[in-house]
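Chain residues, written in single-letter form:
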Amino acid sequence: MSETDTTILSTSQPGPIGVFDSGYGGLTILREVRKLLPQYDYLYLGDNARAPYGCRSFEVVYRFTLEAVRHLFDQGCRLVILACNTASAKALRTIQRHDIPRIDPTRRVLGVIRPTVEEIGRVTRNGVVGILGTQGTVSSRSYDMEISKLYPGFKVYSRACPMWCPLVENLEADGDGADYFVDKDIRALFAECPDIDTLVLGCTHYPLLLNKIMRYTPAGVTVMTQGDVVARSLASYLQRHPDIARQCSRGGSAHYLTTDNPGKFSELARVFMRADVEASQIAF
Ligand code: DGL
């Protein structure tokens, strides 16, 4: 039996909620989730050694994401959130349909795109929506497909912003370079359609650029971040699925794993979380 065929033995022991991102971005989601649901334990995994995912193929993002999910399952997580739009766009569906039934049908993996799309329907007034994300998220057309399923009449305009994540990760979110790229990308999106009334930050890094994004977004447009949306959606999911909620341990702790240097992770995590965190290094 190959490694990927191995079934993870199901235990009745509750475990932490796993939160996965290609790197640091998912920390903006975890921060809001912990604010709303502080009673649970969390285990964060950032695949920093292989980030960014935004420019990688479907096959590679799927393979990396599955490895991370399996690792979180091995650590006792029974519910894992893919707090990364790129992984949600390129890997979630296959993992849910193909891998979970094989690995352990009692475990759950959820993404960030569906809850964001549900929220778009509550926020927009004219049904004209702008999506900003990585190249991978935009080219997957996951937002377009999910929006057309839930709200067939909506119009969606998307723009990939490949320079935004590097600006954030290199601590340039407040610099002049960020002004240049944020202005350029937002201007290009609104040139395509000036009627957009809701602008979705479809990448978990982008809240770090929120000040600049607000500066260059036309007045009257609602800018949507995902942290609070995902947190509310998770709270509602756990309420609707008490069997899954019972499998999530409640100790109020958070632990952090990274595939790269843990010292560097802690340094940047401070920027994303606005708190000190200690990380441990893992290898798959
Ligand atoms: N955090 C990822 C997302 O939400 C983007 C970072 C990357 O390209 O790895 O899509």
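Small disclaimer: the values here were computed from a predicted structure and weren't measured.

Undergrad: Would you mind showing me how to read the nonpolar core here?
TA: When a protein is soluble and globular, its nonpolar side chains tend to lie buried together. Among the nonpolar cores identified, the biggest contains 56 residues, and Leu27, Leu79, Ile213, Leu238 and Tyr256 are the most heavily contacted of them. Those residues in contact with Leu238 that lie beyond four places of it in its chain are Ile17, Leu37, Tyr40, Leu79, Ile244, Ala245 and Cys248.

Undergrad: Can you help me understand the site of the ligand in this one?
TA: What surrounds the ligand is a group of 13 residues, the closest being Ser22, Tyr53, Gly54, Thr86 and Thr204. For the ligand, an oxygen atom lies 2.6 Å from a polar atom in the side chain of Ser22. Within the contact set of the ligand, an oxygen atom lies 2.7 Å away from a backbone nitrogen or oxygen of Tyr53. Among the residues making up the shell around the ligand, the classes are represented as 5 nonpolar, 7 polar and 1 charged.

Undergrad: Would you explain the environment of Ser233 in this entry?
TA: Tracing the backbone through its elements, the reader meets Ser233 in helix H11 (residues 227-240). On the accessibility criterion, Ser233 (24% relative accessible area) is partly exposed. Spatially, the C-alpha atom of Ser233 lies 9.4 Å from that of Glu118, the residues being 115 residues apart in sequence. Excluding residues that lie within four positions of it along the chain, Ser233 makes contacts with Pro115 and Arg240.

Undergrad: Help me understand the packing of aromatic side chains, please; the structure alone is not making it clear to me.
TA: Two measures describe an aromatic ring pair: the distance that separates the ring centres and the angle between the ring planes. In total, this model carries 10 aromatic pairs according to the counting rule given. For the ring pair Tyr44 and Tyr256, a centre distance of 6.2 Å and an interplane angle of 45 degrees mean the geometry is tilted. Of this pair, Tyr44 sits in strand S2 (residues 42-46) while Tyr256 sits in strand S9 (residues 254-258), placing them 212 residues apart in sequence. Neither residue differs from the other here; Tyr44 and Tyr256 are each classed as buried. Aromatic ring contacts, followed pair by pair, group Tyr24, Tyr44, Tyr256, Phe265 and Phe272 into a single cluster.

Undergrad: I tried to follow unusual backbone geometry on my own but got confused; where do I start?
TA: Phi is mostly negative for residues that are not glycine, and the peptide bonds are mostly trans. Ala51 connects to Pro52 through a cis peptide bond whose omega is 0 degrees. Among the structural elements, Pro52 can be located in the loop between S2 and helix H2 (58-74). Even without a glycine there, the phi angle at Leu171 is positive, about 55 degrees. In this fold, Leu171 is placed in the loop between helix H8 (164-169) and helix H9 (176-192). Although it is not a glycine, Arg274 adopts a positive phi angle of roughly 55 degrees. Relative to the assigned elements, Arg274 resides in the loop between helix H13 (262-273) and strand S10 (279-281). Arg274 sits in the exposed class, given a relative accessible area of 65%.

Undergrad: Please explain the sheet that holds S2 as it appears in this structure.
TA: Strands pair in a sheet through their backbones, by hydrogen bonds, and they do so in one of two ways: parallel or antiparallel. Spatially, 6 strands are ordered S4-S3-S1-S2-S9-S10 in an open sheet, and the strand pairing comes out parallel. Each edge of the sheet is formed by a strand with only one pairing partner; in this case those strands are strand S4 (108-110) and S10. Put simply, the sheet's adjacent strands are angled 25 degrees from each other on average, direction ignored. Alignment of S2 against S9, held across 5 bridges, turns out to be parallel. By the bridge assignment, Tyr44 is partnered in S9 with Tyr256.

Undergrad: Would you take a moment to explain the side chain of Asn48 for this structure?
TA: Structurally, Asn48 is set in the loop between S2 and H2. Apart from residues lying up to four places away in sequence, Asn48 is in contact with Ser22, Gly23, Tyr24, Thr258, Thr259, Asp260 and Phe265.

Undergrad: Before we go on, may I ask you to explain the packing of helix H1 (residues 26-36) against H13 in this structure?
TA: Between two packed helices, the angle of one axis relative to the other and the distance separating the axes together describe the packing. Between H1 and H13, the least distance of the axes is 9 Å, while the angle of their chain directions is 55 degrees. The orientation of H1 relative to H13 falls into the category oblique. As for the relative orientation of H1 and H13, their crossing is right-handed in sense. Here Leu27, Thr28, Leu30 and Arg31 of H1 lie close against H13, whose contacting residues are Phe265, Ala269, Phe272 and Met273. Counted by class, the contact of H1 with H13 contains 6 nonpolar, 1 polar and 1 charged residues.

Reading the values: rules and limits
The written sequence of each chain sets the order in which its residues are numbered from 1. In keeping with the predicted nature of the model, local features appear solely for residues at pLDDT of at least 70, side-chain atom pairs appear and are counted solely at 80 or more, and the whole-chain, interface and lining totals rest on all residues. For side-chain calculations, the full set of non-hydrogen atoms in the structure is used, while hydrogens and water are omitted. We define a nonpolar core as any set of buried Ala, Val, Leu, Ile, Met, Phe, Trp, Tyr and Cys residues linked to one another through side-chain atoms lying within 4.5 Å. A 1.4 Å probe rolled over the protein chains alone gives each residue an accessible area, and that area as a share of the maximum for its type sets the label: buried under 20%, exposed over 50%, partly exposed in between. Contacts are assigned to residue pairs with any non-hydrogen atoms lying within 4.5 Å of each other. Whether a residue is near a molecule or strand depends on its heavy atoms: if one lies within 4 Å, it is near. What qualifies as a polar contact is a pair of N or O atoms within 3.5 Å, subject to a donor-acceptor requirement within protein and to the restriction that residues adjacent in sequence count only when both atoms come from side chains. All amino acids are sorted into three groups, where Ala, Val, Leu, Ile, Met, Phe, Trp, Tyr, Cys and Pro are nonpolar, Asp, Glu, Lys and Arg are charged, and the leftover types, Gly among them, are polar. Secondary structure elements follow DSSP: runs of H or I no shorter than four residues count as helices, runs of E no shorter than two count as strands, and numbering proceeds from the N terminus. Ring geometry is summarised as follows: Phe, Tyr and Trp rings, the Trp one being its six-membered ring, pair when their centres sit within 6.5 Å, and such pairs are stacked at plane angles under 30 degrees, edge-to-face over 60 and tilted between the two. DSSP-based pairing: two strands are paired if at least 2 bridges between them are found. Note on geometry: axes are C-alpha line fits, over the in-contact stretch for helices, and angles between N-to-C directions span 0 to 180 degrees. Our angle categories are set so that under 35 degrees counts as roughly parallel, over 145 as roughly antiparallel, 65 to 115 as roughly perpendicular, and the remainder as oblique. Take the far helix as your reference; a near helix turned counterclockwise from it by less than a right angle gives a left-handed crossing, and one turned clockwise gives a right-handed crossing.

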